[in-house]
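# A look at the structure
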Amino acid sequence: MTTAAEYGATSWELCVQVEHQYEGEPKEFNIRVTGDLHIGGLMLKLVEKIQIPQDWSDYALWWEQKNCWLLKTHWTLDKYGVQADANLLYTPQHKALRLQLPNMKTVRLKVSFSAKVFKAVTEICKTLNIRRSEELSLLKPLDEPQKKKKKKEKSNDPIIEDILNLDNTAVTPGTAASPGLYSKTMTPIYDPVNGTPASSTMMWFSDSLLTEQNCNVLAVSQPNCPPEKLAKLYQPLSLVDKAAINAGWLDSSRSLMEQGFQEEDKLLLRFKYFSFFDLNPKYDAVRINQLYEQARWAILLEEIECTEEEMFMFASLQYHISKMSKSSEPQSYSNEPDIDEVEAALANLEVTLDGAHSDRMLEDITDVPKLSDYLKLFRPKKLTLRAYKEYWFVFKDTSISYYKNMECARAEPIEQLHLRGCEVVPDVNVSSKKFGIKLLIPVADGMNEIYLRCENENQYAKWMAACMLASKGKTMAYSSYRTEVRNIQSFLKMKDLNSAQAQAAPNLEAMEMNSECFVSPRYVKKYKNKQLTARILEAHQNVSHMSLVEAKMRFIQAWQSLPEFGIKYYIVRFRGCKKDELLGISYNRLIRIDMSTCLPIITWRFSNMKQWNVNWEIRQVAIEFDQNVSIAFACLSCDCKIVHEYIGGYIFLSTRSKDQNETLDEELFHKLTGGQD
């Protein structure tokens, strides 16, 4: 037994502030504790002293000085190192957060401020019905002091007025767990035209604020942004500017509170990793729409470069999607029979198995296919005109050989180009019948630049698809070759304005189109409204037959085919170099880029990576590749943890397969991305 005197000598007063949901300022409570008291016991004493009957299960202790949560309730105060000078806050773990979605719509919902960001994003995506949450993350908005001052002067903030409140949809501990909008044991079915949930799915919305109306806000394309507002948002971005934006990604291994965020703060929910797995229109209505919206805004604000021809192709798809979204009537759920989930799953499995069988046919061919044809070649040199010369080309495995003519093909080639690890850039203008391929081939002192010119779009599609696969170390025997050829052909067809002009000319006066909403502000300055309308309607003839979901998917595919797609830039300094350079990180490679010319110097593929690590003392990332190639660099535009997480995240995403269920190996993600700091 411990006497009162002995207890007084070993105990101390601990001050704990309690944040109550119905009161403004936190109240202070002094509790007599000893070092061997565990955290659970402290919280029990605290609740008994507060004497307010309510559900305290979501509350936890936050230690402000140490910037950490005390979540291990079995640990003692001594083990945590809590002493009398500690400032503890007893606060809810789930707090309201304002999230701007990829479609620029802001939602307000409860998010865990104590869970790691990776887990918090999973909860958010479950609430919003976005599958594959590992592809998304949270991004800090760029600080714009001038704009903030202007906003404070205004009495009515339009952004606050336009918030969709989903506060009650978040699952909080102590309540019956809701499956969000999808469950791993049930396959939600969506209408293929307007993307709204079918009747068997709608019953899941009964206990949630995310009802049919709110679901449409997320799954249906929003009205186009007025040209005036678009012009205000538009800012030409250099690669250095893009590096500053990319520095804002949150650390997935730490909680929101640990990273300094408070209740009612605003963050951006964006697709971070551009490796979109199992994108299925059947049950990805919200995911596809948000992905389309992120791509649409990237095109409109010129966050990614595209040609004028491509801009009008994207504009025609936007116009078509906008038109279809307005004309699609809301689905009536009351008269529809319930869909049997087991039958739907079996039917889906049957289609998947049939598809898998046909896809593997090419892989069974023992003789690797080859391409051979006359193409034109040009090697750029300083102070020379672009003169193309015709040669006989043979494409086999992952290499291109070229000869003086077809008769010389049995002799030694003039040169053999090894495409593994090269950069493949389209150099195309369909209207002027220009079908070129730009190859940047890694050599000892940088990149060897070569241009190939094809005669027509069919030849271009075959050679371009072969080059793209070869750059990844794959041959034409790979199952995706034919699919890649078809995708390139359909992409070229969408860009072909000549075929569109041959069709009946649209009546410009009868069409109600605000064409300035569909292109970036740069083209609004370049062309008059009638000119923009005419060109968009011409391009629209090539896509007018598409359904709403198909048009969104085509937009996403066209976005993916752009040379800059998925590349995130960071300012770094490589070991042994005295000048700053840019590092581009894509889903399958790292690119070293000259900051002054913005041209790639060399490319390293993830498939050739042996290991990577971080020296946390000097904040340096070191990577080893095959053939004894090793690099090391320090990050200047952000913390090296962000770059380390990007690389590890893409490695993690490459481990996914359709055989797995949707349960993520969170431990593996943190092992690959967390480092040891």
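Notes on the structure in this doc start here.

Rules and cut-offs
Residue numbers run consecutively from 1 along every chain, following the written order of its sequence. Per-residue local features of the predicted model are confined to residues with pLDDT of at least 70, and side-chain atom pairs are confined, for both listing and counting, to 80 or more; whole-chain, interface and lining totals are unaffected and use all residues. Side-chain metrics in this entry use all non-hydrogen atoms of the structure; hydrogen atoms and water are not considered. Helix and strand assignments come from DSSP, with helices taken as H or I runs of at least 4 residues and strands as E runs of at least 2, each series counted from the N terminus. In this analysis, the expected span of each helix is defined as 1.5 Å times one less than the number of residues it contains. Partly exposed describes any residue whose relative accessible area lies between the buried limit of under 20% and the exposed limit of over 50%, with all areas from a 1.4 Å probe on protein chains only and scaled to the type maximum. Pairing of aromatic side chains here covers Phe, Tyr and the six-membered ring of Trp, requires ring centres within 6.5 Å, and sorts the geometry by plane angle: under 30 degrees stacked, over 60 edge-to-face, intermediate tilted. The criterion for a charge sitting over a ring is simple: Lys NZ or Arg CZ within 6 Å of the ring centre, and within 35 degrees of the ring normal. At least two bridges found by DSSP between two strands is the condition for calling them paired. Angles shown run from 0 to 180 degrees and are taken between the N-to-C directions of axes, each axis being a line fitted to C-alpha atoms and, for helices, limited to the stretch in contact. Between two residues, a contact is recorded if the distance between any of their heavy atoms is within 4.5 Å.

This part takes up helix α4 (residues 117-128). Over its 12 residues, α4 runs 16 Å from end to end, which matches the ideal 16 Å to within 8%, given 1.5 Å per residue. Of the positions making up α4, those classed as buried are Val-117, Phe-118, Ala-120, Val-121, Ile-124, Cys-125, Thr-127 and Leu-128. At the exit of α4 stands Asn-129, carrying a positive phi of roughly 65°.

What follows is about the packing of aromatic side chains. Between two aromatic rings, the relevant description is the distance of the centres plus the angle of the planes. Inspection of every chain in the model, using the stated rule, returns 35 aromatic pairs. Among the aromatic side chains, those forming a connected cluster through ring pairs are Phe-271, Phe-274, Phe-276, Trp-559 and Phe-565. Here Arg-453 stacks its cationic end above the ring of Tyr-388, 4.5 Å away from the centre of that ring. Taking NZ or CZ as reference, Arg-592 lies 4.0 Å from the ring centre of Phe-574, over its face.

What follows covers the pairing of strand β19 (residues 581-585). Residues in a regular strand project their side chains so that they alternate between the two faces of the sheet. Burial within β19 is extensive, with 5 of its 5 residues counted as buried. Burial along β19 is two-sided: the face carrying Glu-581, Leu-583 and Ile-585 and the face carrying Leu-582 and Gly-584 are both buried. Connecting strand β18 (residues 568-574) to the next strand, β19, in antiparallel fashion are 6 residues, including Gly-576 with a positive phi near 90°. Bridging between β19 and strand β20 (residues 589-593) involves 4 bridges; their strand directions are antiparallel. What sits directly across from Gly-584, in β20, is Ile-591. The turn joining β19 and β20, which pair antiparallel and follow one another in sequence, is formed by 3 residues.

The subject of this paragraph is the sheet that holds strand β10 (residues 266-271). Within the open sheet, the 5 strands sit side by side as β8-β10-β6-β7-β9. Their pairing is mixed. Lying at the two open borders of the sheet, with one neighbouring strand each, are β8 (136-139) and β9 (163-165). Within the sheet, the average angular offset between the axes of one strand and its neighbour, ignoring direction, is 45°. Sheet analysis places strand β6 (residues 94-100) next to strand β7 (residues 106-112), joined by 7 bridges and oriented antiparallel. Bridging across to β7, Leu-97 finds its partner in Leu-109. Contacts between α4 and the sheet are confined to β6, β7, β8 and β10, with β8 contributing the most and set at about 110° to the helix.

Take the sheet that holds β18 next. Read across the open sheet, the 7 strands follow the order β21-β20-β19-β18-β24-β23-β22; overall the sheet is antiparallel. Either end of the sheet is taken by a strand with one partner, and the two such strands are β21 (600-605) and β22 (609-615). Recorded for the sheet is a direction-independent mean angle of 30° between the axes of neighbouring strands. Pairing of β20 with β21, which is carried by 5 bridges, proceeds in the antiparallel orientation.

Bringing helix α15 (residues 481-495) into the picture now. Taking 1.5 Å per residue, 15 residues should reach 21 Å; α15 reaches 21 Å between its end C-alpha atoms and fits that length. Regarding α15, the residues found buried are Tyr-481, Val-485, Ile-488, Ser-490, Phe-491, Leu-492, Met-494 and Lys-495.

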